[in-house]
Amino acid sequence: MVNLTRIYTKTGDDGTTSLGDGSRTSKNDPRLEAYATVDEANSAIGIVLSLDTLQNPNDELAEMKKVLIRIQNDMFDVGADLCTPVVDEPKIEPLRVVEKQVLYLENCIDKFNENLNPLRSFILPSGTQLSAQLHLARTIVRRAERETWNAIHSFGAGVNPLTAKYLNRLSDLLFVLARVANAEIGDQLWVPGATRDID
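What you see is a predicted model, and the numbers here were worked out from it, not measured in a lab.

Notes on the overall build of the protein
Part 1 of the argument: Each helix and strand counted, the protein has five helices and two strands in total.
Part 2 of the argument: For the protein, with 199 residues in total, the buried portion stands at 41%.
Part 3 of the argument: Contacts spanning at least 24 positions in sequence make up 73% of the contacts within the protein whose residues lie at least 6 apart.
Part 4 of the argument: Of the roughly 12100 Å² of accessible surface on the protein, a fraction of 52% belongs to carbon and sulfur atoms.

Dropping the structure here:
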């Protein structure tokens with residue numbers, strides 16, 4: 001159980017912070033970069049959930065809202081995992097991302113993608129406000145994934161690779177959900193070189 005009695009501790013004023021196991025590390029630590037970006041991505045999903053479109057949603061958007069709320073909780077699991085080094089025989093069993101959480105995302109991708117038209121081009125990250133915000137969340141998740149891989153390459157077995165796998169699938173799901181959000185108006189397709197000859 002988390003017990004937050006004080007919001008500021010002043011312990012980070014020297015440029016270090018505590019990891020989940022109580023050890024101290026630089027605020028430039030790749031693991032910190034990764035879980036900080038996970039937090040940023042989660043906040044972007046929070047903005048999606050605040051949109052008027054999801055306050056009184058139709059059936060499909062209600063299901064999307066339910067999925068996003070679950071994902072917000074799972075993103076805290078991802079952050080908790082990234083901030084706690086993987087060690088042999090830990091004194092307290094840490095919270096880790098598990099394959100079942102990744103499978104949930106894959107099932108959601110298949111479910112929401114089922115009724116979408118096949119893509120013949122890349123799409124522009126635009127359309128409805130809901131779609132645009134989902135695309136923004138997607139790009140932040142992609143950055144979180146890259147930073148997680150950087151942490152994995154820096155610390156090897158000290159970082160759970162399922163965190164990166166989870167973020168990879170989440171970015172794919174957010175892409176699909178952005179298309180669902182544009183279902184009524186259609187995707188804005190990229191037309192390669194379309195403006196090259198326009199004055």
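Here's the deal with unusual backbone geometry
Part 1 of the argument: A positive phi angle is found at glutamate 89, which is not glycine, with a value near 50°.
Part 2 of the argument: Relative to the helices and strands, glutamate 89 is located in the loop between α2 (59-82) and α3 (99-113).
Part 3 of the argument: A residue is classified by how much of its surface remains accessible, and glutamate 89, at 77% relative accessible area, is exposed.

Some thoughts on the environment of alanine 34
Part 1 of the argument: Assignment of secondary structure puts alanine 34 in helix α1 (residues 30-50).
Part 2 of the argument: It is 9.9 Å that separates the C-alpha atoms of alanine 34 and isoleucine 152, two residues lying 118 residues apart in sequence.
Part 3 of the argument: Alanine 34 has contacts with Leu82, Glu147 and Thr148, leaving out every residue within four places of it along the chain.

Structural notes on the nonpolar core
Part 1 of the argument: In terms of nonpolar packing, the biggest core is built from 49 residues, with Leu68, Ile71, Leu134 and Tyr166 touching the most fellow members.
Part 2 of the argument: Secondary-structure elements contributing two or more residues to this core are α1, α2, α3, α4 (129-155) and α5 (162-181).
Part 3 of the argument: Take this core: its biggest share by element is twelve residues, from α5.
Part 4 of the argument: If we skip the residues at most four places from it in the chain, isoleucine 71 touches Ile45, Leu105, Tyr166, Leu170 and Leu173.

Quick look at the side chain of histidine 135
Part 1 of the argument: Residue position: histidine 135 is located in helix α4.
Part 2 of the argument: Histidine 135 gets classed as buried once you look at its relative accessible area, which sits at 2%.
Part 3 of the argument: Here histidine 135 is in contact with Ile123, Leu124, Pro125, Ser126, Phe175 and Ala178, once residues within four sequence places are set aside.

Comments concerning the environment of valine 67
Part 1 of the argument: Considering the arrangement of structural elements, one finds valine 67 in helix α2.
Part 2 of the argument: Spatially, the C-alpha atoms of valine 67 and cysteine 108 are 8.1 Å apart, while their sequence positions differ by 41 residues.
Part 3 of the argument: If we ignore the near neighbours within four places in the chain, the residues touching valine 67 are Tyr104, Cys108, Phe112 and Leu173.

Points about α2
Residues that lie three or four places apart on an α-helix share one face, since the helix turns once every 3.6 residues.
Part 1 of the argument: Over its 24 residues, α2 runs 35 Å from end to end, which matches the ideal 34 Å to within 8%, given 1.5 Å per residue.
Part 2 of the argument: Within α2 the residues assigned to the buried category are Leu61, Met64, Val67, Leu68, Ile71, Asp74, Met75, Asp77, Val78, Gly79, Asp81 and Leu82.
Part 3 of the argument: The distance from a side-chain oxygen at the start of α2 to the backbone nitrogen of glutamate 60 is 3.2 Å, and the residue carrying that oxygen is asparagine 58.

Description of the packing of α1 against α2
Part 1 of the argument: Between α1 and α2, the least distance of the axes is 9 Å, while the angle of their chain directions is 165°. By the angle between their axes, α1 is roughly antiparallel relative to α2. Every pair of crossing elements has a handedness; the one defined by α1 and α2 is left-handed. Contacts between α1 and α2 involve Arg31, Ala34, Tyr35, Val38, Ala41, Asn42, Ile45, Gly46, Val48 and Leu49 from the first element and Lys65, Leu68, Ile69, Ile71, Gln72, Met75, Phe76, Val78, Gly79 and Leu82 from the second.

Quick notes on the pattern of salt bridges
Side-chain pairing between opposite charges can occur once the charged atoms of the two side chains come close.
Part 1 of the argument: Summed over the entire model, instances satisfying the criterion amount to eight salt bridges.
Part 2 of the argument: With a shortest N-O distance of 2.9 Å, arginine 143 and glutamate 40 are connected by a salt bridge. Here glutamate 40 lies in helix α1 and arginine 143 lies in helix α4, a separation of 103 residues in the sequence.
Part 3 of the argument: Taking relative accessible area as the criterion, glutamate 40 reaches 35% and is therefore assigned partly exposed.
Part 4 of the argument: The network of salt bridges with common partners includes Arg142, Glu145 and Asp172.

What counts, and where the lines are drawn
- Residues numbered from 1 in each chain as written.
- Predicted model: local features only at pLDDT ≥ 70, side-chain atom pairs only at ≥ 80, totals over all residues.
- Heavy atoms only, no water.
- Helix = DSSP H or I, 4+ residues; strand = E, 2+ residues; numbered from the N terminus.
- Buried < 20%, exposed > 50% of the residue type's maximum accessible area, 1.4 Å probe, protein only.
- Contact = heavy atoms within 4.5 Å.
- Areas by Shrake-Rupley, 256 points an atom, 1.4 Å probe, with all protein chains shown as cover.
- Core = buried A, V, L, I, M, F, W, Y, C linked by side-chain atoms within 4.5 Å.
- Expected span 1.5 Å × (residues − 1).
- Polar contact = N/O pair within 3.5 Å; in protein donor to acceptor, adjacent residues only side chain to side chain.
- Axes fitted to C-alpha atoms, helices over the stretch in contact; angles between N-to-C directions.
- Parallel < 35°, antiparallel > 145°, perpendicular 65-115°, else oblique.
- Left-handed = near helix turned anticlockwise from the far one by under 90°.
- Salt bridge = Lys/Arg side-chain N within 4 Å of Asp/Glu carboxyl O.

Everything listed here is a matter of coordinates, which is why it stays silent on function.
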